[in-house]
Amino acid sequence: MTSVSELHEIFASQKAAFGQQGAPSLDERRAHLGALAQLVVANRSRIRAAMSADFAVHPELFTDLIEVLGVAGRAAYAAEQLAQWAAPQEREADPGLFGSARAAISYQPKGVVGNIVPWNFPFDLSLGPLVEMLAAGNRAIIKPSEFTPACGELLKDMIAATFDPDHVAVVTGELELATAFAAVRWDHLLYTGSPEVGRKVAVAAAQNLVPVTLELGGKNPAIVNEDSVDAETVGQILGAKMIKNGQMCITVDYCLVPRAKMQEFVDLAHKHVVERTPGYSTTADCTGIISERHLDRLTGLLEEAGKKDGQVVSLEPDAKIDRSTRQMPISLVVDPSDDLALMREEIFGPILPIKPYDSVDEALAYVNAGERPLALYVFSKDNSVADYVLDRTTSGGACVNSCALQGALPSLGFGGIGQSGSGRHHGIEGFREFSNPRGVVRRGENDLVEALLPPYGPLAEAVVT
Ligand code: NAD
């Protein structure tokens with residue numbers, strides 16, 4: 001555990017080092033990115049073990065793909081793109097006024113950046129954004145979630161073995177440290193987590209006028225067009241829900257399905273689980289729910305739906321929740337009323353409400369009546385239907401005919417809008433988020449600057465015309 005005073009000391013030493021050493025060269029940054037990629041790959045088996053310790057069950061494929069290779073690939077991509085991202089961008093300067101002056105936007109590091117991390121992707125959300133923070137030349141302090149203590153300790157250990165503490169550091173602690181972390185006078189603060197806590201973090205940052213990136217959650221819809229209620233679509237949607245058993249910010253929160261095809265959707269979902277993943281919730285593919293408290297919250301959502309609507313359909317009717325592994329089977333909730341908690345809150349678990357609609361416009365009105373989501377999915381064989389939906393909705397990201405792919409590309413800026421967040425990381429958008437785009441003018445010759453010194457004369461005709 002890190003004390004609040006230790007946090008302040010690390011921050012002060014990073015600030016001092018940044019002030020003394022300034023921006024690292026591009027070669028130095030590429031070396032930092034290489035070290036980061038090497039770090040996750042070399043620690044792959046320890047990362048797998050920590051993920052299993054914190055989640056009780058965590059599929060190795062997804063640890064490898066997201067927490068290890070995702071970070072390494074992102075670092076390699078940033079290193080490759082860095083020269084292009086960091087190149088100053090020349091801007092026009094009217095020669096009639098500015099003579100031969102040169103103007104450019106020059107990207108410089110912001111300085112010391114804080115990163116508050118949720119529990120669901122402990123390495124990906126700590127080290128992934130660190131890629132663009134380091135690419136932009138910053139120093140950083142990371143605070144993992146108290147719900148993933150094994151991952152937090154491992155992160156601390158890994159980072160301390162590779163980076164100087166005045167360059168990158170990890171601090172661990174409970175709410176007292178989290179609150180103090182949000183109150184530090186960062187040069188930039190990244191927060192990933194729930195909108196409720198995000199609001200508190202934004203308020204704390206505003207006290208110091210610290211710029212923040214907020215990566216929040218919400219209710220991501222999947223709109224299934226009538227031409228796409230088939231095994232492929234249902235498989236894609238359930239597949240996305242099965243990643244971390246629904247504990248993913250860009251999972252499908254609820255589905256909108258043509259009214260006449262609701263039963264077909266339910267039958268296809270049953271078939272998918274029976275044929276493709278029999279006994280899913282007892283296998284190593286089913287991630288454990290992060291804590292007893294979250295498990296209770298999820299069962300509470302289902303109980304309320306069962307009492308009010310009676311339309312809870314388990315996709316594994318014989319399966320039970322295993323309290324020791326915290327594995328929970330997937331359930332559909334068919335045509336839930338909107339006053340249920342599961343239609344008001346982000347579900348973040350293996351529950352998929354499916355709502356009927358009678359026209360695409362009605363589905364769009366339903367989506368647009370809610371908060372702007374982090375992700376929106378549309379399934380249609382007809383591109384014009386997909387475009388119709390994309391043109392009339394606003395979300396942080398979107399994917400057509402699949403789910404979550406928009407979060408998997410290191411090249412594509414990632415983030416929310418409105419209640420699902422603001423700002424971006426990943427790719428050039430991430431590089432720019434953690435950079436100060438400084439406008440720099442280098443004065444040349446034959447300009448009108450001299451004419452601006454008193455005593456002032458009349459405005460030159462050349463300027464007016
Ligand atoms: P959370 O908001 O409970 O916690 C996130 C982090 O905030 C943790 O590190 C926690 O210690 C810290 N924290 C808690 N209270 C704080 C306070 N008062 N001041 C400062 N920090 C505080 O979120 P969670 O339960 O860990 O994560 C789940 C949420 O995260 C979901 O809403 C999910 O959608 C969202 N999420 C979003 C993204 C994204 O990229 N947009 C990614 C993953 C998760």
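Residues numbered from 1 in each chain as written. Predicted model: local features only at pLDDT ≥ 70, side-chain atom pairs only at ≥ 80, totals over all residues.

1. Examining the sheet that holds strand β2 (residues 102-109)
Consideration 1: Taken in spatial order, the 3 strands make up an open sheet running β1-β2-β16, and their pairing is antiparallel. The sheet is open, and its two borders are formed by β1 (89-91) and β16 (435-442), each paired with just one other strand. Adjacent strand axes in the sheet meet at a mean angle of 30°, parallel and antiparallel pairs treated alike.
Consideration 2: Bridge analysis of β2 against β16 gives 8 bridges, and the strand direction is antiparallel. Residue pairing across strands places Gln108 opposite Asn436, the latter belonging to β16. (Pairing = 2+ DSSP bridges. Helix = DSSP H or I, 4+ residues; strand = E, 2+ residues; numbered from the N terminus. Axes fitted to C-alpha atoms, helices over the stretch in contact; angles between N-to-C directions.)

2. Considerations on the site of the ligand
Consideration 1: Not every one of the 28 residues close to the ligand is listed here, only the nearest: Pro118, Gly193, Val197, Gly217 and Cys249.
Consideration 2: For the shell around the ligand, the secondary-structure elements that each account for two or more residues are α8 (175-182) and α9 (195-207).
Consideration 3: The element contributing the most residues to the shell around the ligand is α8, with 4 residues.
Consideration 4: Along the lines of polarity and charge, the residues of the shell around the ligand split into 14 nonpolar, 9 polar and 5 charged. (Near = placed C-beta within 6 Å. Nonpolar A, V, L, I, M, F, W, Y, C, P; charged D, E, K, R; others polar.)

3. What to know about the sheet that holds strand β12 (residues 351-357)
Consideration 1: Pairing within the open sheet is mixed, and its 7 strands lie in the order β10-β11-β12-β9-β8-β13-β14. If you trace the sheet from one side to the other, it starts and ends with β10 (312-314) and β14 (397-400), each paired once. Ignoring which end each strand starts from, the neighbouring axes of this sheet average 20° apart.
Consideration 2: As judged from the 3 bridges shared by strand β8 (residues 221-224) and strand β13 (residues 375-379), these two strands associate in the parallel manner. Bridged to Val224 within β13 is Phe379.
Consideration 3: Together, β8, β9 (254-258) and β12 form the strand contacts of helix α14 (residues 360-369), whose direction differs from that of β12 by roughly 130°. (Contact = placed C-beta atoms within 7 Å.)

4. Things to note about unusual backbone geometry
Consideration 1: For the peptide bond that leads from Pro454 to Pro455, omega is 0°, which places it in the cis range.
Consideration 2: Positive phi, close to 60°, is recorded for Asn446, a residue that is not glycine.
Consideration 3: Here Asn446 lies in the loop between β16 and α17 (461-464).

5. Some details on the confidence of the model for the protein
Consideration 1: Overall, the prediction assigns the protein a mean pLDDT of 96, with 98% of residues at 70 or greater.
Consideration 2: Predicted as a complex, the structure gets a pTM of 0.96 and an ipTM equal to 0.97. (pLDDT = per-residue confidence, 0-100.)

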